[in-house]
Structures are given as C-alpha cells and as structure tokens.
Amino acid sequence: MLYSTTRVVTHRPHRYIKQLVSHMGRKVPTALDQDRGSIMFSLGSCLLVASTAHFDMIVKADTADAIAAVEDTITRHLLRFATKDTLTVDWLPLVRPATTADDAHLLTLDRTAWTAGSELPSTRAEERTAYFNERRKPESHLVATLGGQIIGTVSTHQASPFPEAAHVFGLWNLLVAEQTRRMSIASALLSAAERLAASQGAKKVGLRVLATNTGAIRLYEQHGYAVEGRCVNEFLIDGAYVDDISMGKCLTPPSQGTV
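Everything numeric in this text was worked out from a predicted model, so none of it was measured.

Caption draft 1: Layout of the sheet that holds strand E6 (residues 92-93). The strand order E2-E3-E4-E5-E1-E6 describes an open sheet built from six strands, whose pairing is antiparallel. Of all the strands in the sheet, just strand E2 (30-32) and E6 have a single pairing partner and so form its edges. Here strand E3 (residues 36-40) runs beside strand E4 (residues 44-50); their pairing, made up of five bridges, is antiparallel. The residue bridging Gly37 from the neighbouring strand is Leu48, located in E4.

Following this line, the structure appears as structure tokens:
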C-alpha cells in the first residue's frame, strides 16, 4: 500500500472538508464527523482531518498511478470550491527515509510517544541526548511527516548476522505521535518498511511485541503478521509478569520444492 499527504492552510478547514465529502458523496461512498471525513474511490481513499488553521489529507492506494489519480481528483474539486481563498495543495509521500538532521525531532518523538504497556519502563529511564547511535542508524529508519513535522518512525534491517538468515529482516522502533493516531500513520510506516526490507532482499519480516500492547497486535494482524512464538512471563513489569510475543510475515511465498 502507498500513501501520500498534503497540508492545506486555511482558516476554514471544516468548511472545505464538508464541501468535499458532501460533493463526492453523490458519486462514491463517504463518511463525515466533527473533525474528519473520508472519501472511498474505487482506486483508493482519502482521509481528511481538520485542525485549527489547516487540514491534512492522506491518500491511500495500491499503485503510484492510483495515488496520482486520487490526488488529481481531490485537488481539482478542492480548488473549484476555493472561490474566496488561494489554497496551496502540494502532495508529498507520507513516509520518507530518515536523515541525520531528523535526530532531535525523533528524540522528542521517542520521549513523548511512549505509552504504558507498549515498552519496557526501564528503557524510559535511560537519559539520551541523541536518538541515533551505533544501534539505531538513519539509513535503517523511515519517518512519517505531516506539514513538515515528523509524526512517526520505524526501522528495519537484517535481523541476524548469519548469512543463512540474510532473508529475514526485523521491524523495530515503530512510533506514532499521540495526536496523529487513527490517521493510518502506523499502517503507512509498516507498508513502507516492508517495501524497504524487500528492496534489500528480505523474504520475511519479524517483530516482537509485549502481550499488553493489544492495539499494536491488532494492527500487525491486520497487516498479515501471525504469532510465531510466545515467551511466557518473560518480563516483570509493575509487579505483573508479561509475555513477549514473536510475530512474522512472509513477504513472498516460499519457492516450490523448498523445505
């Protein structure tokens, strides 16, 4: 799955979202609530989320051509409605490779996106002045941005140093800013990480997740990950034992004749 986004600056974000959703609802399925709307085309979909002085649009589709077609349709109709405003609509990929310049923003995200049950509390006690280090390198990370702001990240690289397992990659450090959850950011990061891993030769992707992180487990299952193992009572967190779950997903089906 591919994702793109744009931030439209306007003092009337709710008005434009309502106009777009109402107009497109004559032809395709739509939904609208207080601060967000969605438009479901045959080629893809568009999520619209209002803020105080702007609104974000996130397009999702299976191919680059479909992304471009949805972007074009949304842009044409939006600009047609903007008879009293000059709106700028610049579509960009929702997820891009990380750079060393992202370090400070990722360190802030790492400090603020943690939630109870998603990570070992002892890792929060570590005082760090930088996000990237010998273990966390920019070239293995992806970041999601909205309006130029980093709101999510994930990393992927070969899981084992052994050549026999060179086809297996791992996913680590999946984080999404609290204020941008329920906007498909985690799904966009997962999809992009799988594409990055596949481009580097991965045939399978694995990850570990605490049993208490039920939201993440549901997300991974929706993306085709299956439970492959469970380390029972692996961690003692706040006086309770917590299982560590191993999940995996094959990016390509095994070749015929292999074991």
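Caption draft 2: Molecular detail of the side chain of Ser155. For Ser155, the location among the structural elements is in strand E9 (residues 149-158). Here Asn173 takes part through its side chain, which lies 3.0 Å from a polar atom of the side chain of Ser155. Not counting residues within four places of it along the chain, the set of residues in contact with Ser155 comprises Ser140, His141, Gly170, Leu171, Trp172 and Asn173.

Caption draft 3: Examining the packing of helix H1 (residues 13-24) against helix H2 (residues 64-81) more closely. Packing of H1 against H2 leaves a shortest axis separation of 10 Å and a crossing angle of 120 degrees. Taken together, the axis directions place H1 and H2 in an arrangement best described as oblique. Considering the relative orientation of H1 and H2, their crossing is right-handed. Residues Tyr16, Gln19, Leu20, His23 and Met24 of H1 touch H2, and the partners they reach there are Thr73, Ile74, His77, Leu78 and Phe81. Residue composition of the contact of H1 with H2, by class: six nonpolar, four polar and no charged.

Rules behind the numbers
Residues numbered from 1 in each chain as written. Predicted model: local features only at pLDDT ≥ 70, side-chain atom pairs only at ≥ 80, totals over all residues. Heavy atoms only, no water. Pairing = 2+ DSSP bridges. Helix = DSSP H or I, 4+ residues; strand = E, 2+ residues; numbered from the N terminus. Polar contact = N/O pair within 3.5 Å; in protein donor to acceptor, adjacent residues only side chain to side chain. Contact = heavy atoms within 4.5 Å. Axes fitted to C-alpha atoms, helices over the stretch in contact; angles between N-to-C directions. Parallel < 35°, antiparallel > 145°, perpendicular 65-115°, else oblique. Left-handed = near helix turned anticlockwise from the far one by under 90°. Nonpolar A, V, L, I, M, F, W, Y, C, P; charged D, E, K, R; others polar.

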